[in-house]
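Listed below, chain by chain, are the residues.
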Amino acid sequence: MTRPSPDLHQVDPLTEKQIALFKRDGMLILPGVLDPDLCRRARDQMWEIIGEHRPAMRRDDPATWVPFSEEEKASYPRADTGGDPYFSGSNHRYYIRNGVEELLLDLAPRALWGVAEQLLGEGEVVWPAGADEAGETIGPCLLTEGTLGGFDPHLGGEPEKWTGPATGRTEQVRLPKTGPTWMTAQGTRGLYCTLPNSPPPPAHYRGAHAEALYETRWRIQIAAYIDDLPERAGGLTLFPGSHRRIWDHREALHRDCPPPAVPEGSPEWNGYTAPPLPEIKADTEPVETAGPSGSVVLWHANLLHMAGQNQRRDVIRQATIYAFAKTTESVPDEVVKRDPSGDLWRDWSEAVRSIEAAA
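None of these values were measured; they are calculated from a predicted model.

What counts, and where the lines are drawn
- Residues numbered from 1 in each chain as written.
- Predicted model: local features only at pLDDT ≥ 70, side-chain atom pairs only at ≥ 80, totals over all residues.
- Heavy atoms only, no water.
- Helix = DSSP H or I, 4+ residues; strand = E, 2+ residues; numbered from the N terminus.
- Rg over C-alpha atoms; globule rule 2.2 N^0.38 Å.
- Buried < 20%, exposed > 50% of the residue type's maximum accessible area, 1.4 Å probe, protein only.
- Contact = heavy atoms within 4.5 Å.
- Areas by Shrake-Rupley, 256 points an atom, 1.4 Å probe, with all protein chains shown as cover.
- Pairing = 2+ DSSP bridges.
- Salt bridge = Lys/Arg side-chain N within 4 Å of Asp/Glu carboxyl O.
- 1 Å grid on protein atoms, 1.4 Å probe; cavity = no way out; pocket = protein on both sides within 12 Å on 5 of 7 lines; lining within 4 Å.
- Points joined across faces, edges and corners; volume = space filled by probe spheres on them.
- Nonpolar A, V, L, I, M, F, W, Y, C, P; charged D, E, K, R; others polar.
- Phe/Tyr/Trp six-rings, centres within 6.5 Å; stacked < 30°, edge-to-face > 60°.
- Lys NZ or Arg CZ within 6 Å of the ring centre and 35° of its normal.

Undergrad: How should the overall build of the protein chain be read in this particular structure?
TA: Per the secondary structure count, the protein chain includes eleven helices and twelve strands. Computed over the C-alpha atoms, the radius of gyration of the protein chain is 20 Å, within 12% of the 21 Å expected from 2.2 N^0.38 for a compact globule of 359 residues. In terms of principal-axis extent, the alpha carbons of the protein chain reach across some 60 × 45 × 45 Å. When burial is assessed residue by residue, the protein chain has 55% of its 359 residues classed as buried. Partitioning the intrachain contacts of the protein chain with sequence separation of at least 6 by distance along the chain shows that 81% fall at a separation of at least 24. Carbon and sulfur atoms provide 50% of the accessible area of the protein chain, an area that totals close to 15700 Å².

Here it is, written out as structure tokens:
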């Protein structure tokens, strides 16, 4: 099992109280826990990339941090090697697909490796290896029609050129460095950034979603902020407790219905609209996260979440997002296909299962 370099900064293990809060809420904020130097380097790299791809946007002039026009949106070509454009923007959002580079991997997922194993089990977490010498990644993914659909928009509408056909089994999937490497746990999503004065969320929180119930081994997601993020600046917005409600609802619906059967009348899972998501959006007050540079938000992969609204005039929300996944050996294919089944904490470490959720 690959492990972080001994000289790489590691975030301290969680306390029992923190784990209890995480079990109750499905989320936990760790303020300023990442290496400040790596955060600074990530910010400097971001502005170097902006200088190359959008030079009118200047680091020292917030008046230039304006939304992307339709013409700009169409001007960022897909990478020659396949995958998303390295830099792209749309309206108040821009993206840098640098998630398999050593800088972002060391800054966030590898720095949290000890926490991930504390929560999910030592030796039971997929290692974020990043790109190889050919500039590609390889990692495990359950290849179903559903997961191929997730690959599709990030691989130019031709995912099978990279993945092969859906087999219904976990395969070692090779992807380009700007492809959806988060689906094989080999890279972060890169930098997801929100410009100032972004619009409010759509009515009834239509953009809020939960994506990890089926066909994936994701168990923990993280958002790592590489710069100071004050309140009302577009921090990740989460619906506390929704991880339990979503699991319990779906587990009851599918109980005693072995795969591949589906209960009669059961709606197909949609991470935006399937029950009980509308009810949760209607009765749960979401929490918008914030914190100093180097802060990390941990959230249970079933938790309902969405991007926040940046109401500031001189702040850009700068975050990298990653999902820790269980290994194939620790969660076999037949279990993934059957999810949700049993207890919400079935695949977590004994340290997590033995602690009661906070009252």
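Let us keep going from here.
Undergrad: What am I meant to see in unusual backbone geometry here?
TA: With the exception of glycine, the majority of residues adopt a negative phi angle, and the majority of peptide bonds are in the trans configuration. Note that the residue after P275, namely P276, is joined by a cis bond; omega there is 5°. The backbone of H204 sits at a positive phi, close to 60°, despite the residue not being glycine. A relative accessible area of 69% places H204 in the exposed class. The backbone phi angle of R232 is positive, close to 60°, even though this residue is not glycine. A relative accessible area of 42% means that R232 is categorised as partly exposed.

Undergrad: When you look at helix α1 (residues 16-25) in this model, what are you seeing that I'm missing?
TA: Residues lying three or four places apart along an α-helix face the same way, a consequence of the helix completing one turn every 3.6 residues. Residues I19, A20, F22, K23 and D25 constitute the buried set of α1. Lining the buried residues of α1 we find β1 (27-30), α5 (113-120), α8 (242-254), β10 (296-300) and α11 (350-353). Immediately beyond the C-terminal end of α1, within one or two residues, lies G26, with a positive phi of roughly 75°.

Undergrad: Looking at this model, I keep getting lost on the environment of P128. Mind explaining?
TA: With respect to the helices, strands and loops of the structure, P128 is situated in the loop between α5 and β4 (136-142). Taking the relative accessible area as the measure of exposure, P128 reaches 0% and is therefore buried. Each C-alpha atom, one on P128 and one on D106, is 9.5 Å from the other, the two residues being 22 residues apart in sequence. Apart from the residues lying within four places of it in its own chain, the contact partners of P128 are L105, P109, R110, W113, A185, Q186 and Y322.

Undergrad: Looking at this structure, I do not really get the pairing of strand β7 (residues 218-225). What am I missing?
TA: Note on strand geometry: in a regular strand, side chains alternate between the two faces of the sheet. Here β7 lies mainly inside the structure; eight of its eight residues are buried. One ladder, built from seven bridges, connects β7 with strand β12 (residues 317-325); its direction is antiparallel. Each residue of the ladder has a partner; that of I220, found in β12, is F324.

Undergrad: I tried to follow the pattern of salt bridges on my own but got confused; where do I start?
TA: One side chain can pair with another of opposite charge once the charged atoms of both are near each other. What the rule picks out here adds up to 23 salt bridges. E102 is the partner of R110 in a salt bridge, and the nearest nitrogen-oxygen pair spans 2.7 Å. A relative accessible area of 6% places R110 in the buried class. A relative accessible area of 43% means that E102 is categorised as partly exposed. Here K161 and E158 are joined by a salt bridge, their closest N and O atoms 3.8 Å apart. Owing to a relative accessible area of 44%, E158 belongs among the partly exposed residues under this scheme. The network of salt bridges with shared partners includes D37, R40, D44 and R59.

Undergrad: Explain empty space enclosed by the protein here, please?
TA: Left-over empty space is what a probe sized like a water molecule reveals as it rolls over the atoms. Taken as a whole, this structure holds two cavities of 30 Å³ or more when the rule is applied. Considering only enclosed or pocket space, the largest cavity measures out at about 90 Å³ in volume. Lining the largest cavity are 14 residues, with R219, W247, H300, N302 and D339 positioned closest to its centre. Class assignment of the residues belonging to the lining of the largest cavity gives a composition of seven nonpolar, two polar and five charged. Here the second largest cavity defines a volume of roughly 30 Å³. Every residue lining the second largest cavity is listed: R97, G99, V100, K177, T178, G179, T181, W182, T188 and R189. Its residues assigned to classes, the lining of the second largest cavity comprises two nonpolar, five polar and three charged.

Undergrad: How should the packing of aromatic side chains be read in this particular structure?
TA: Aromatic ring pairs are described here by two measures, namely the spacing of the ring centres and the angle between the planes. Following the criterion strictly, the structure yields 13 aromatic pairs and no others. Between the aromatic rings of F22 and W348, the centroid separation amounts to 5.7 Å while the plane-to-plane angle is 50°, which identifies the pairing as tilted. Of this pair, F22 sits in helix α1 while W348 sits in the loop between α10 (333-338) and α11; the two residues are 326 residues apart in sequence, bridging distant segments of the chain. Relative accessible area serves as the criterion here: at 1%, F22 is assigned to the buried category. An angle of 45° between the planes, with centres 6.4 Å apart, marks the rings of F68 and Y94 as tilted. Linking F68 in the loop between α2 (36-53) and α3 (70-73) with Y94 in strand β3 (residues 93-96), this pair joins segments that are 26 residues apart in sequence. In terms of burial, F68 and Y94 fall into one category: buried. Ring pairs connect the aromatic residues F68, Y76, F87 and Y94, which therefore count as one cluster. For R54, the ring lying beneath its charged end belongs to F68, and the centroid distance is 3.7 Å.

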